[in-house]
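Read off the chains here:
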Amino acid sequence: MIPFLDLKAINAMYRDELVEASTRVIDSGWYITGNELEAFEQEFAAYCGTKHTIGVANGLDALTLTLQAWKELGRLKDGDEVIVPTNTYVASILAISAANLTPILVEPDIKNYNICPVRVRQAISPKTRVILPVHLYGRLADMPAILEIANEYDLLVLEDSAQAHGACVDGRKSGSWGDASGFSFYPGKNLGALGDAGAITTNDDSLAETLRALRNYGSHEKYKNLFRGVNSRLDEIQAAMLRVKLKYLDKELQHRRKAASAYVDGINNNKIILPVNNLTPNSVEFDQNVWHVFTVRCEQRASLQKHLTEHGIQTLIHYPIPPHKQQAYEEMKDKNYPVSELIHEQVLSLPIGPTITSEEVRSVINACNSFGD
Ligand SMILES: *Cc1c(COP(=O)(O)O)cnc(C)c1O
């Protein structure tokens, strides 16, 4: 069986270093907000090209706490509107609801599956305060266009970079475009911890300071609480794991790009739509994509998935149910988002990751090409 993503094999590549790093933490006697977190925060900020990184417990908290920090700083208030893509993992929207703000869903561009700037502009109302673009599947949203709109209407921009560590456009990495950016280090993400972890990147000193308090009960100083904060800290042991894996991130991204490039070159079946409208191998834009998942589209998705399973290939669907059709968002169930619904009905993600071999890629290509014969 070719697995969709082989986490065990990924972490096995760094086993010795991971064991050494965990031993260092075990022996240190200090397990929360210590040297490992501080060092990781500096290293990740340097990687993204931002002034600050604030480690938190997970990616959902990274987004939620940033919105809450803006409320504490008087930049947002209850009920303000946040523009977010219809086509995303539901966590992007949960963060908005959790902060008592109103999500305004905007359709993606079918060519790249990311939020469509033209539609963002149309969705702006007097209550709009934030745009929350998601760099879905590892490809940066159209950040130059989004920043232009944000400047024109004086809106905050919060990037959801959970799927896009290292993705960049014009040399500028995901995490460094918005006023702030939320990252997840869930084990299956391109930079994954060995448990839950997340972070916010920003250049804004006052936001960074507020977030450092919010993640720690609203406190900078023990027993003095400025805000009604939460407990959302990135453990020392996970920070130590992430420091090891961050060193190899760019190498892993190159491996993913090589596999993606082989898929684009090799898959040649008119029933399968590749994620490459205006995205050809060796093009600059191709290299800027970090291929968190390699998602194809197919009108007969169920048969394609069955065919691939029969050929020993594991695939996943990102995502089977759009957020506006989730029971959690019942008030949105009658909304009509045809682009997003089409994507959810047709997408299928092929195996890709830092340990996939060229033989495995070849088998996936052959199986895709024999579909429907
Ligand atoms: C994974 C993910 C999140 C949530 O991250 P967690 O660490 O699992 O909380 C948010 N947004 C997107 C787009 C994601 O893929």
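Worth saying up front: this structure is predicted, and the values here are computed from it rather than measured. (Residues numbered from 1 in each chain as written. Predicted model: local features only at pLDDT ≥ 70, side-chain atom pairs only at ≥ 80, totals over all residues. Heavy atoms only, no water.)

Peer 1: How would you sum up the site of the ligand? Please name residues and give values.
Peer 2: The environment of the ligand is formed by Asn58, Gly59, Leu60, Tyr89, Ala91, Ser92, Val134, Asp160, Ala162, Gln163, Ser184 and Lys189. At a separation of 2.8 Å, an oxygen atom of the ligand approaches a polar side-chain atom of Gln163. Burial of the ligand by the surrounding chains reaches 90%, relative to a free accessible area of 380 Å². Elements with a contribution of two residues or more to the shell around the ligand: helix H4 (59-72) and helix H5 (91-98). (Near = heavy atom within 4 Å. Polar contact = N/O pair within 3.5 Å; in protein donor to acceptor, adjacent residues only side chain to side chain. Areas by Shrake-Rupley, 256 points an atom, 1.4 Å probe, with all protein chains shown as cover. Helix = DSSP H or I, 4+ residues; strand = E, 2+ residues; numbered from the N terminus.)

Peer 1: Tell me what's going on with the nonpolar core, and back it up with residues and numbers.
Peer 2: Among the nonpolar cores identified, the biggest contains 42 residues, and Leu67, Trp70, Val130 and Leu158 are the most heavily contacted of them. If you list the elements that add at least two residues to this core, you get strand S1 (52-56), H4, strand S2 (81-85), H5, strand S5 (156-160), helix H8 (205-214) and helix H13 (338-346). If one sorts the elements of this core by residue count, H4 sits on top with six residues. Residues Val106, Trp177, Phe185 and Leu191 belong to the second largest nonpolar core, which totals 38 residues. (Core = buried A, V, L, I, M, F, W, Y, C linked by side-chain atoms within 4.5 Å. Buried < 20%, exposed > 50% of the residue type's maximum accessible area, 1.4 Å probe, protein only.)

Peer 1: Lay out the pattern of salt bridges with the relevant residues and their values.
Peer 2: A complete count under the given rule lists 13 salt bridges for this structure. For Glu41, the salt bridge identified is with Arg212, shortest N-O distance 3.0 Å. Here the residue Glu41 occupies a position in helix H3 (residues 35-48), and Arg212 occupies one in helix H8, the gap between them amounting to 171 residues. Given the relative accessible area of 7%, Glu41 is considered buried. (Salt bridge = Lys/Arg side-chain N within 4 Å of Asp/Glu carboxyl O.)

Peer 1: An account of the side chain of Thr86 is requested, with residue identities and associated values reported.
Peer 2: One can find Thr86 in the loop between S2 and H5. What Thr86 contacts, discounting residues up to four positions off in sequence, is Leu105, Val106, Glu107, Pro108, Pro323, Tyr337, Ser340 and His344. (Contact = heavy atoms within 4.5 Å.)

Peer 1: Please provide a residue-by-residue account of the layout of surface pockets, values included.
Peer 2: Approximately 570 Å³ is the volume attributed to the largest pocket. Residues belonging to the lining of the largest pocket are distributed by class as follows: 16 nonpolar, nine polar and four charged. Here the second largest pocket defines a volume of roughly 340 Å³. Surrounding the second largest pocket, 14 residues form its lining, Thr33, Asn216, Ser219, His220 and Arg233 being those nearest its centre. Of the residues forming the lining of the second largest pocket, the biggest block, three residues, is contributed by strand S10 (residues 219-221). Tallied by class, residues from the lining of the second largest pocket come to four nonpolar, five polar and five charged. (1 Å grid on protein atoms, 1.4 Å probe; cavity = no way out; pocket = protein on both sides within 12 Å on 5 of 7 lines; lining within 4 Å. Points joined across faces, edges and corners; volume = space filled by probe spheres on them. Nonpolar A, V, L, I, M, F, W, Y, C, P; charged D, E, K, R; others polar.)

Peer 1: Would you mind going over the sheet that holds strand S13 (residues 294-298) in detail, with residue names and values included?
Peer 2: Hydrogen bonds between backbone groups are what pair the strands of a sheet, and the pairing can be parallel or antiparallel. The antiparallel open sheet is built from three strands, whose spatial order is S12-S13-S14. Unpaired on one side and paired on the other, strand S12 (272-273) and strand S14 (347-350) mark the two borders of the sheet. Where S13 lies against S14, four bridges are found, and the strand directions are antiparallel. Within the sheet, the bridge partner assigned to Thr295 lies in S14 and is Ser349. Where helix H12 (residues 301-310) meets the sheet, its contacts fall on S12, S13 and S14, and the angle it forms with S14 comes to roughly 20°. Taken strand by strand, H13 contacts S13 and S14, and its axis lies near 45° from that of S14. (Pairing = 2+ DSSP bridges. Axes fitted to C-alpha atoms, helices over the stretch in contact; angles between N-to-C directions.)

Peer 1: Give me the lowdown on H12, citing residues and values where you can.
Peer 2: Along H12, the positions that sit buried rather than exposed are Arg301, Leu304, His307 and Leu308. Buried residues of H12, seen end-on, are gathered within an arc of 125° and therefore sit on one face of the element. Exposed positions of H12 whose direction lies more than 90 degrees from the buried face are Ala302, Lys306 and Glu310. On its buried face, H12 sits against S12, S13, H13, S14 and helix H14 (358-369). Looking one or two residues past H12, Gly312 carries a phi angle of roughly 75°, positive in sign. (Arc of directions from axis to C-beta.)

Peer 1: Requested: an account of the environment of Ala259, with residues and values cited.
Peer 2: By the element assignment, Ala259 lies in helix H10 (residues 249-266). Spatially, the C-alpha atoms of Ala259 and Gly353 are 8.1 Å apart, while their sequence positions differ by 94 residues. Other than its neighbours up to four places away in sequence, Ala259 contacts Ile352, Ile356 and Val361.

Peer 1: So what about unusual backbone geometry? Which residues, and what values?
Peer 2: Backbone torsion omega between His318 and Tyr319 reads 15°, so that peptide bond is classified as cis. As for its placement among the helices and strands, Tyr319 is situated in the loop between H12 and H13. Non-glycine residue Asn100 carries a positive phi angle of around 60°. In this fold, Asn100 is placed in the loop between H5 and strand S3 (102-106). The exposure class of Asn100 is partly exposed, given its relative accessible area of 49%. Phi angles above zero are rare outside glycine, and Trp291 is one such case at about 45°.

Peer 1: Could you give me a rundown of empty space enclosed by the protein, with the residues and numbers involved?
Peer 2: Think of a ball as big as a water molecule: rolled over the atoms, this probe shows where empty space is left. Under the definition given, this model contains two cavities of 30 Å³ or more. Taken as a whole, the largest cavity spans an internal volume of roughly 110 Å³. Taken together, 13 residues form the lining of the largest cavity, with Tyr113, Tyr137, Arg139, Pro275 and Asn289 sitting closest to its centre. The class makeup of the residues in the lining of the largest cavity is eight nonpolar, three polar and two charged. Size it by volume and the second largest cavity reaches roughly 80 Å³. Taken together, the residues of the lining of the second largest cavity sort by class into six nonpolar, three polar and four charged.

Function cannot be inferred from these measures alone, as they are strictly geometric.
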